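Observations on chain architecture
Each chain is listed here by its residues.
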Amino acid sequence: PRGTSPGIRGADMVTRDAGVDYRILLIQDLPEGQSAVPALRGRIKLIAQGSYPNGNTGYVDLAEQPLDMGCYIVIDGRADLPNKSFRPRQVTIQIMGEGSDKVIATRTFHVTAGR
């Protein structure tokens, strides 16, 4: 993590059957002098970077969903690839606050091949 709150503490990204299964752990830090973490509302976006069979590199928007969290949240899901020939190598996770396109946290994870 890059010292942000919320922090994207960990994620598993696995390709299976023309899609990416994901599990993401987000944690907010307790603000100094407060006894509770304020709720965070916004959205989370996943962007895959990978390649096509002809060798070209590309970026694909995988998923976007609303986010409503307290101290921590685990997000599980599956995103189908829009092009079955695209092979994702890494996924960037972006978190934006409610009503804004400003990214407040980001982190990139490698994608592993499923069995």
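Within every chain, residues take consecutive numbers counted from 1 along the sequence as written. Where totals are concerned, whole chains, interfaces and linings use all residues; where local detail is concerned, this predicted model gives features only for residues with pLDDT of at least 70, and gives and counts side-chain atom pairs only at 80 or more. With hydrogens and water stripped out, all remaining heavy atoms of the structure feed into the side-chain values.

**A few points about the sheet that holds strand S1 (residues 7–16)**
Strands sit in the order S5-S2-S1-S8 across an open sheet of four strands; the sheet is mixed. Whereas interior strands pair on both sides, the edge strands pair on one side only; in this sheet they are strand S5 (72–80) and strand S8 (112–113). Here the rule is simple: two strands pair whenever DSSP picks up at least two bridges between them. What counts as a helix is a DSSP run of H or I of at least four residues, what counts as a strand is a run of E of at least two, and both are numbered from the N terminus. With nine bridges joining them, strand S2 (residues 19–27) and S5 adopt antiparallel strand pairing. Looking at S5, one finds that Tyr 22 is bridged to Gly 77.

**Focus on the side chain of Gln 94**
As for its position among the elements, Gln 94 is in strand S6 (residues 87–97). Since its relative accessible area comes to 19%, Gln 94 is described here as buried. Note on classification: 1.4 Å probe, protein chains only; a residue is buried when its accessible area is under 20% of the maximum for its type, exposed when over 50%, partly exposed between these limits.

**Some remarks on the sheet that holds S6**
Ordered by their spatial adjacency, four strands build an open sheet running S4-S3-S6-S7, and the pairing between neighbours is antiparallel. Only two strands of the sheet have a single neighbouring strand rather than two, namely strand S4 (57–69) and strand S7 (103–110). Across the sheet, the axes of successive neighbouring strands diverge by a mean angle of 20 degrees, strand direction being ignored. In this structure, strand S3 (residues 40–51) lies alongside S4, joined through twelve bridges in antiparallel fashion. Opposite Ser 51, over in S4, you have Thr 57 as the bridge partner. Note on method: axes are straight lines fitted to C-alpha atoms, helices fitted across the in-contact stretch only, with angles between N-to-C directions ranging 0 to 180 degrees.

**Concerning unusual backbone geometry**
Phi is mostly negative for residues that are not glycine, and the peptide bonds are mostly trans. For Asp 17, which is not a glycine, the phi torsion comes out positive at approximately 45 degrees. Phi at Ala 18 takes a positive value of approximately 60 degrees, unusual for a residue other than glycine. Relative to the helices and strands, Ala 18 is located in the loop between S1 and S2. A relative accessible area of 28% means that Ala 18 is categorised as partly exposed.

**Points about the nonpolar core**
Counting residues in hydrophobic clusters, the biggest one holds 26 residues, and the most contacted among them are Met 13, Ile 24, Leu 26, Leu 62 and Ile 93. Going through the elements one at a time, S1, S2, S3, S4, S5, S6 and S7 are the ones with two or more residues in this core. Residue contributions to this core peak at five residues, all from S4. By nonpolar core is meant a set of buried Ala, Val, Leu, Ile, Met, Phe, Trp, Tyr and Cys residues that side-chain atoms within 4.5 Å join together.

**A short note on the pairing of S3**
With respect to burial, S3 is a largely interior element, nine of its twelve residues being buried. Between the antiparallel neighbours S3 and S4 lie five residues, among them Gly 55 with a positive phi of about 95 degrees. Direction of pairing for S3 relative to S6: antiparallel, over a ladder of ten bridges. Each bridged residue has a counterpart across the sheet, and for Gly 42 the counterpart in S6 is Gly 97.

All quantities given are derived from atomic positions and should not be read as evidence of function.
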